[in-house]
Amino acid sequence: MAALLQLSGVGITRAGRVLLENMNEALYGGQITVVLGPNGAGKSSLLLAMAGLIPCAGSMMLCGAPLSSYDRQALSRCVAWQGELPPAEFGLTVHQRLQLVCRDQTRIRKQANIMDADGFLTRSLGHLSSGERQRVELVALSLREAPLWLLDEPMSHLDLKYQLRCVDMLRAQAANGRAIVTVVHDLQQAHALADRLILLDGRGHVHCGRADELFDREILSQLYDTPLRQQGSVLMPDYGGADEITG
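Note that the structure is a prediction, hence the values are computed from the model and not measured. (Residues numbered from 1 in each chain as written. Predicted model: local features only at pLDDT ≥ 70, side-chain atom pairs only at ≥ 80, totals over all residues. Heavy atoms only, no water.)

## Remarks on the sheet that holds strand β1 (residues 5–14)
In plain terms, the rule: Should DSSP find at least two bridges between two strands, the strands are taken to pair. Secondary structure elements follow DSSP: runs of H or I no shorter than four residues count as helices, runs of E no shorter than two count as strands, and numbering proceeds from the N terminus. In what follows, a contact means two residues having at least one pair of non-hydrogen atoms within 4.5 Å. Every axis in this analysis is a line fitted to C-alpha atoms, fitted for helices over the stretch in contact. Angles between the N-to-C directions lie between 0 and 180 degrees.
The strand order β2-β1-β4-β5 describes an open sheet built from four strands, whose pairing is antiparallel. Two strands in the sheet have a free side with no partner beyond their single neighbour: β2 (17–27) and β5 (65–66). Sheet topology places strand β4 (residues 57–62) next to β5; two bridges connect them, and they run antiparallel. Across the sheet, residue M61 finds its bridge partner in β5, namely P66. Against the sheet, helix α1 (residues 43–50) contacts β1, β2 and β4, and its axis sits at roughly 125° relative to β1.

Structural data, given as structure tokens:
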């Protein structure tokens, strides 16, 4: 099976700082890739480069063609991006926001129901909480037909219930053949989602591989420069400085 997005020798430098260099990775449909790393390591910049929104060294091949060869319209059909919440001052209702993506009213209501957004379709975006707006953006994403999804902290504003809904949604979309790349900070969320991991250390180094190989206490403790403990198959910060818990 051909890779949906192939990265070869990719490097990213911003404001004179090398965020990553010589990255090689292949993204396939049906897989969820989670990007982990400390603040400022380049996680968001990597997603922006994959979306064609910032330049990078090396090459990225999307569906067999250079990413740089796509115009914005063609790129939007292949890549869906979900990052910071968009402005809400334009007076759009939730329904109008979703109609910018899809005109099929049945699909809109079906996808809105998954995130319990069907109950506030007529409300203005500006009158929603950050969590509600995050749910609307996830619904908008689910209405896109793009085979590659890039998500930057999609659960940052969500409470526990909707974090679980988001995890289920991403798993279902991957099972339907999408390639999903997402930045998260919560290691339990990463463990629940990841088929593969991309680890960025903030010093230009990048490590890509299978999640079951890289989701390791020693590796991730070094990545975050902080002790982690293991409880069963789950890694978590050692908030209390307690000894390792074994499951």
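## Observations regarding the pairing of β1
Of the pairings in the sheet, the one linking β1 to β2 comprises seven bridges and is antiparallel in character. From the neighbouring strand, T13 faces β2, where its bridge partner is V18. Here β1 runs beside β4; their pairing, made up of five bridges, is antiparallel. What sits directly across from L7, in β4, is M60.

## A closer look at the pairing of strand β8 (residues 179–183)
The test is simple: Each residue is assigned to one of three classes by its accessible area relative to the maximum for its type, calculated with a 1.4 Å probe on protein chains only: buried under 20%, partly exposed between the two thresholds, exposed over 50%.
In terms of residue burial, β8 counts as a mostly covered element, since five of its five residues are buried. Going residue by residue along β8, you find A179, V181 and V183 tucked away on one face and I180 and T182 tucked away on the opposite face as well. In terms of strand pairing, strand β3 (residues 32–36) meets β8 through four bridges, oriented parallel. By the bridge assignment for β8, T33 is matched with V181. Where strand β7 (residues 148–152) and β8 come together, five bridges link them in parallel fashion. Its bridge partner lying in β8, W149 is registered against I180.

## Brief notes about the side chain of Q189
Within the fold, Q189 resides in helix α7 (residues 187–193). Ignoring anything within four residues of it in the chain, the contact list for Q189 reads M155, Q163 and V184.

## Quick word on unusual backbone geometry
With a phi close to 55°, N22 is a non-glycine residue in the positive phi region. Inspection of the secondary structure puts N22 in strand β2. By relative accessible area, N22 is classed as exposed at 57%.

## A short note on the sheet that holds β8
Taken together, six strands build an open sheet; the order of strands is β6-β7-β8-β3-β9-β10 and the sheet is mixed. In this open sheet, the two strands that pair with only one neighbour each are β6 (79–82) and β10 (206–210). Mean inter-strand twist for the sheet, computed between neighbouring axes without regard to direction, equals 15°. In the packing of helix α6 (residues 160–175) onto the sheet, the strands contacted are β3, β7 and β8, and the crossing angle to β7 comes to about 160°.

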